[in-house]
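If you want the building blocks of each chain, they are given just below.
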Amino acid sequence: MRSRLARYFVAAAALLLPVAAMPAFAEDKKSDGPSLLVRVQSVNDLIKTVEYFLAFAPEDDAEPIKQGLGLVKSLIDDKKGIEGIDVKNPIGLYATITPEVTSSPVVALVPVADEAALLAALKDRAMLDVKKGKDGIYETTPPNSPMTVYFRFANNYAYITANDPENINPKTLPKPADVLTGKASDLLAATVRIDRLPDQMKKLAIGAIENQLAAGKEQPVPNETPAVKEFKGKMIDEVVATIKSVITDGEQVAIKLNVDLQSGEAAFEIEMGGLKGSKLAKDFASIRDNKSVAGGAVLSSDTCFSMNLSVALASSLKKLLPPVIDDAIKEAKKQAKAPGEVEEKLKPLLDALLPTAKAGELDAGFSVVGPNKDGKLTMLAAAKVVDGKKIEATVKALAKDVPPDFANLVALDAEKLEGGSMLHILKVGDFVPADAQKAFGKSDVYLTFRDDLAIIAFGPDGKSAIQKAVLSKPVDVGVFKLEVALARLVPAAADTAEEAANAKKIAKKIFGDSTKSDTVKFSIEGGDTLKIKLSAQGKAIQFLGALGAAKKNKDN
């Protein structure tokens with residue numbers, strides 16, 4: 001089934017509800033392990049990450065941080081780390097969420113290189129009174145604190161908790177490898193194991209959501225018709241069903257901040273996975289299986305900007321959509337109060353577009369290609385349609401009624417493209433606004449149709465771009481995909497020649513001749529998991545910072 005973007009966003013938000021403050025329950029299913037896992041890079045890796053970004057920072061801003069890093073490095077002993085803390089292994093935290101959330105056991109994990117050195121630092125430097133009890137457990141009460149802190153050493157880590165020493169019972173301690181999951185490049189990773197949350201807590205969360213959304217069914221919307229009311233009710237049911245699926249069939253949701261020093265990419269990710277074999281897992285996999293017609297049309301290796309959206313309603317909502325569209329059109333006609341002859345002329349076009357509107361799918365793509373050797377860009381847009389050839393015939397019929405003064409601007413069936421589609425041209429090059437000419441030149445508008453696709457192009461390479469697009473095949477773009485190549489787009493889209501020259505100079509200094517280190521990306525995609533990811537190359541971040549600094553210096 002095609003992905004349902006809005007439903008998954010609502011469902012993702014619902015993941016926070018089960019761990020919100022809730023009343024206690026008498027009995028509940030016990031967790032099979034920690035339900036909250038947090039991992040932070042090792043001290044050594046943190047130092048490398050900071051040094052990586054410092055290379056892109058202005059010298060004046062970087063110098064104090066470099067001095068701080070130098071101090072930290074001076075404290076590191078090859079064998080004892082920093083006061084007994086191991087600098088080579090990650091730091092972490094885990095919690096087992098219980099029905100009485102506020103008393104859930106929380107344990108911090110600190111890697112230990114030398115137990116004696118750490119104990120000495122706690123006593124001599126932190127001035128803590130550390131007492132050793134039975135079974136190797138230590139306790140201390142920090143000054144002016146009502147809490148007693150307990151810790152024990154195991155598996156080359158210090159397991160630290162507050163108030164209840166049973167939280168770090170040696171018989172139930174998890175191994176660090178089972179808690180500190182993730183990659184070394186993960187600056188920070190936090191995971192909620194949905195499958196380990198208490199069952200009663202899940203039921204309460206579902207009940208609260210059902211009650212809140214059910215109230216929405218009874219709240220009328222402006223100009224609500226019976227068809228709209230039925231559609232709204234079913235849509236709320238679908239949202240509730242999706243949230244239930246996430247809470248009952250979800251395995252985990254993870255938030256990660258990743259800095260890959262080898263590829264130079266920094267990324268923020270939210271990843272949600274379903275239990276193996278569940279409907280939720282199958283829905284996530286189906287996102288990858290459903291290809292985008294429009295995404296294939298605007299795909300190019302030379303894009304400096306591209307955006308794709310591919311979403312669809314659930315099948316139950318698709319069945320209810322046509323009468324909603326009909327009611328919306330009737331209401332729009334009342335509000336517009338267009339002259340009868342105008343409405344009559346536009347009716348064939350509206351009728352031709354209705355099957356697309358009623359299909360309950362949105363598959364659209366947009367890209368900017370170039371700049372070419374003259375520094376100009378080409379814009380390409382595409383949308384999946386139903387009965388595209390019928391839409392084309394209707395557009396051509398309407399074009400015949402263009403006033404004589406404008407008839408010479410319309411060239412229908414100007415050329416037959418490879419694959420059989422006809423190319424239509426709007427000769428508007430002489431009327432392109434001056435600001436648009438800076439980026440796209442004096443270009444005509446090109447239009448063509450396939451039975452499943454409408455494509456429009458504008459720019460010096462519009463004709464060749466539309467020819468390539470009409471022969472394209474569907475590709476996987478997930479739910480949403482956005483990519484920006486800064487080194488090419490920013491100079492070409494500059495307002496003045498001076499700004500363009502300055503942007504090119506900065507881009508040349510930072511990127512050199514590379515075309516792979518200037519990208520910023522945002523995507524929502526499926527597969528084994530549902531993943532939301534924002535990423536940027538480190539040099540792209542440096543480029544944006546340099547542009548901002550140059551503008552600030554100019555303004556001053």
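What you see is a predicted model, and the numbers here were worked out from it, not measured in a lab.

Cut-off values and rules
- Residues numbered from 1 in each chain as written.
- Predicted model: local features only at pLDDT ≥ 70, side-chain atom pairs only at ≥ 80, totals over all residues.
- Heavy atoms only, no water.
- Core = buried A, V, L, I, M, F, W, Y, C linked by side-chain atoms within 4.5 Å.
- Buried < 20%, exposed > 50% of the residue type's maximum accessible area, 1.4 Å probe, protein only.
- Helix = DSSP H or I, 4+ residues; strand = E, 2+ residues; numbered from the N terminus.
- Contact = heavy atoms within 4.5 Å.
- Pairing = 2+ DSSP bridges.
- Phe/Tyr/Trp six-rings, centres within 6.5 Å; stacked < 30°, edge-to-face > 60°.
- Polar contact = N/O pair within 3.5 Å; in protein donor to acceptor, adjacent residues only side chain to side chain.

By size, the foremost hydrophobic cluster in this structure holds 23 residues, and its most contacted members are Cys304, Leu377, Leu489, Phe511 and Phe543. Breaking this core down by element, the ones donating at least two residues are strand 11 (303-312), helix 14 (434-440), strand 18 (480-485), helix 16 (486-492), helix 17 (497-511) and helix 18 (538-555). When residues in this core are grouped by element, the largest group, five residues, is from helix 17. In this structure leucine 377 touches Cys304, Val368, Val369, Gly370, Pro371, Ala439, Phe440, Phe458, Gly459, Pro460, Leu489 and Ala492, once residues within four positions along its chain are discounted.

Take helix 15 (residues 462-470) next. Inspection of helix 15 places Gly462, Ala465, Ile466, Gln467, Ala469 and Val470 among the buried residues, and these make up the whole buried set. Those residues of helix 15 hidden inside the fold are in contact with helix 9 (293-298), strand 13 (378-384), strand 15 (422-426), strand 16 (445-450) and strand 17 (453-458).

Now for the pairing of strand 7 (residues 157-162). Here four bridges tie strand 3 (residues 106-111) to strand 7, and the two strands are oriented antiparallel to one another. Across the sheet, residue valine 110 finds its bridge partner in strand 7, namely alanine 158. What sits between the antiparallel neighbours strand 6 (residues 149-154) and strand 7 is a turn of two residues, in which asparagine 155 has the positive phi angle 55°.

In this section: the packing of aromatic side chains. Per the stated rule, a full pass over the model turns up eight aromatic pairs. Ring centres of tyrosine 52 and phenylalanine 53 lie 5.2 Å apart, and the angle between their planes is 75°; this geometry places the pair in the edge-to-face category. Given the relative accessible area of 18%, tyrosine 52 is considered buried. When the centroid spacing of 5.4 Å and the interplanar angle of 50° are considered together, the rings of phenylalanine 511 and phenylalanine 543 count as tilted. One end of the pair, phenylalanine 511, is in helix 17; the other, phenylalanine 543, is in helix 18, and 32 residues separate them in sequence. Given a relative accessible area of 5%, phenylalanine 511 falls into the buried group. Feature note: the residues Tyr138, Phe151 and Phe153 constitute an aromatic cluster, connected by ring pairs.

Turning to the side chain of threonine 161, a few remarks are in order. Relative to the elements of secondary structure, threonine 161 occurs in strand 7. By relative accessible area, threonine 161 is classed as buried at 5%. A distance of 2.8 Å separates a polar side-chain atom of threonine 161 from the backbone oxygen of valine 106. A polar side-chain atom of threonine 161 sits 3.0 Å from a polar atom in the side chain of asparagine 167. Non-local contacts of threonine 161, meaning those with residues more than four positions away in its chain, are made with Val106, Val107, Thr148, Val149, Tyr150, Asn167 and Ile168.

Nothing here speaks to function; it is all geometry.
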